[in-house]
Amino acid sequence: MPIVNTKLYPRSVVKRIVKAHTKCNTSKNVDVLLYLDYVLFLQKLVNEAGIEAKQAREKTITARHIRKVQTHVLQEFNA
């Protein structure tokens, strides 16, 4: 039976990175919210790139498709 890692990310590392970049202390569950925002961003990026690939009549998503939609998706998440 394979060993499955149930931890998605190391919480202490995320908190340490945020603290180093912002020079502020973080609340208890801020790392969870950051991780969820990251996952939502990646999901949106892949979905938009898939739409772009379909419009180009291609079956696979390439780096070109990602680059085409990245500015649009980044603008949505910065707002």
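This one's a predicted model, so the numbers in the text were calculated from it and none came from an experiment.

Rules behind the numbers
Residues numbered from 1 in each chain as written. Predicted model: local features only at pLDDT ≥ 70, side-chain atom pairs only at ≥ 80, totals over all residues. Heavy atoms only, no water. Salt bridge = Lys/Arg side-chain N within 4 Å of Asp/Glu carboxyl O. Helix = DSSP H or I, 4+ residues; strand = E, 2+ residues; numbered from the N terminus. Buried < 20%, exposed > 50% of the residue type's maximum accessible area, 1.4 Å probe, protein only. pLDDT = per-residue confidence, 0-100. Axes fitted to C-alpha atoms, helices over the stretch in contact; angles between N-to-C directions. Parallel < 35°, antiparallel > 145°, perpendicular 65-115°, else oblique. Contact = heavy atoms within 4.5 Å. Nonpolar A, V, L, I, M, F, W, Y, C, P; charged D, E, K, R; others polar. Left-handed = near helix turned anticlockwise from the far one by under 90°.

(A) Examining the pattern of salt bridges more closely. Scanning all chains against the criterion turns up 5 salt bridges. Here Lys44 and Glu76 are joined by a salt bridge, their closest N and O atoms 3.6 Å apart. Here Lys44 is found in helix α2 (residues 30–55), whereas its partner Glu76 is found in helix α3 (residues 63–78), with 32 residues between them in sequence. A residue is classified by how much of its surface remains accessible, and Lys44, at 27% relative accessible area, is partly exposed. With its nearest N and O atoms 3.4 Å apart, the salt bridge here joins Glu52 to Lys68. One end of the pair, Glu52, is in helix α2; the other, Lys68, is in helix α3, and 16 residues separate them in sequence. Connected through shared salt-bridge partners, Lys44, Glu48 and Glu76 make up one network.

(B) Seen up close, the confidence of the model for the chain. Looking at the chain, pLDDT values average 86 and 89% of them are 70 or higher. In the model of the chain, helix α1 (residues 11–22) stands out as the element of lowest mean pLDDT, 84, in contrast to α3, which has the highest, 92.

(C) Region of interest: the packing of α1 against α2. Relative orientation of the contacting elements α1 and α2 amounts to 90°, with a least axis distance of 9 Å. Overall, the two elements α1 and α2 adopt an arrangement that is roughly perpendicular. The residues of α2 that touch α1, namely those facing Arg11, Val14, Lys15 and Val18, are Asp31, Val32 and Leu34. Residue classes in the contact of α1 with α2 are distributed as 4 nonpolar, no polar and 3 charged.

(D) Structural context of the packing of α2 against α3. In contact at an axis separation of 9 Å, α2 and α3 are set at 135° when each is read in the N-to-C sense. When the axis of α2 is compared with that of α3, the two are oblique. Crossing handedness for the pair α2 and α3: right-handed. On the side of α2, the interface is formed by Asp37, Leu40, Phe41, Lys44, Leu45, Glu48, Ala49, Glu52 and Ala53, while α3 contributes His65, Ile66, Lys68, Val69, Gln70, His72, Val73, Leu74, Glu76 and Phe77. Across the contact of α2 with α3, the residue classes break down as 10 nonpolar, 3 polar and 6 charged.

(E) Inspection of unusual backbone geometry at higher detail. At Lys23, a position not held by glycine, the phi torsion is positive, near 55°. On the secondary structure map, Lys23 appears in the loop between α1 and α2. Given the relative accessible area of 72%, Lys23 is considered exposed. For Arg57, which is not glycine, the phi dihedral falls at a positive 60°. One can find Arg57 in the loop between α2 and α3. Given the relative accessible area of 78%, Arg57 is considered exposed.

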